[in-house]
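Commentary on secondary and tertiary structure
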Amino acid sequence: MPRYYFNLYQGKQLISEDDVGYDCPSDEAARQFARMSHGFVALDPVFSSPSGSYHFVVLNEDRQSIFTMPISQWLSSEAASSGVPLLL
């Protein structure tokens, strides 16, 4: 099963490098994992900064970027207050 890495950035600055990775059966499964993770990360008060622009850059097992997943504090806050699940 392929391994994917989920690095966290603020703008162009690397905040947290995933050096362990996660096994996912496909790129789409990795995308779903990133969506689930972005909900949890967006709940952290650190990510409420208006100058945020936090996002995951997801890498395949060859450490090549395959997609970027924005982390939206506003979206997660709105979903939490309205009872809408955080998973998109």
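Here the structure is a predicted model, which is why all the values come from computation and not from measurement.

With that settled, the discussion passes to the overall build of the protein. Along the protein, the regular secondary structure elements total two helices and five strands. Along its sequence from the N terminus, the protein presents helices and strands in the succession β-β-β-α-β-β-α. Once local pairs closer than 6 in sequence are excluded, the contacts in the protein between residues at least 24 apart make up 53%.

Following the criterion strictly, the structure yields two salt bridges and no others. The partner of arginine 3 in a salt bridge is aspartate 23, and the shortest N-O contact between them spans 3.2 Å. Highlighted residues: arginine 3 in strand E1 (residues 3–10) and aspartate 23 in strand E3 (residues 22–23), separated in sequence by 20 residues. The class for arginine 3 is partly exposed, based on a relative accessible area of 26%. On the basis of relative accessible area, aspartate 23 is assigned to the partly exposed category, the value being 43%. Across the pair arginine 31 and glutamate 28 runs a salt bridge whose closest N-O atoms are separated by 3.7 Å. One end of the pair is arginine 31 and the other is glutamate 28, both in helix H1 (residues 27–42) and three residues apart, which spans about a single turn.

Before going further, it helps to examine the pairing of strand E5 (residues 65–70). Note on strand geometry: in a regular strand, side chains alternate between the two faces of the sheet. Pairing of strand E4 (residues 54–59) with E5, which is carried by five bridges, proceeds in the antiparallel orientation. Within E5, the position partnered with valine 58 by the bridge is phenylalanine 67. Hairpin connection from E4 to E5: five residues lie between these consecutive antiparallel strands, with arginine 63 at a positive phi of about 60°.

Rules of the game
- Residues numbered from 1 in each chain as written.
- Predicted model: local features only at pLDDT ≥ 70, side-chain atom pairs only at ≥ 80, totals over all residues.
- Heavy atoms only, no water.
- Helix = DSSP H or I, 4+ residues; strand = E, 2+ residues; numbered from the N terminus.
- Contact = heavy atoms within 4.5 Å.
- Salt bridge = Lys/Arg side-chain N within 4 Å of Asp/Glu carboxyl O.
- Buried < 20%, exposed > 50% of the residue type's maximum accessible area, 1.4 Å probe, protein only.
- Pairing = 2+ DSSP bridges.

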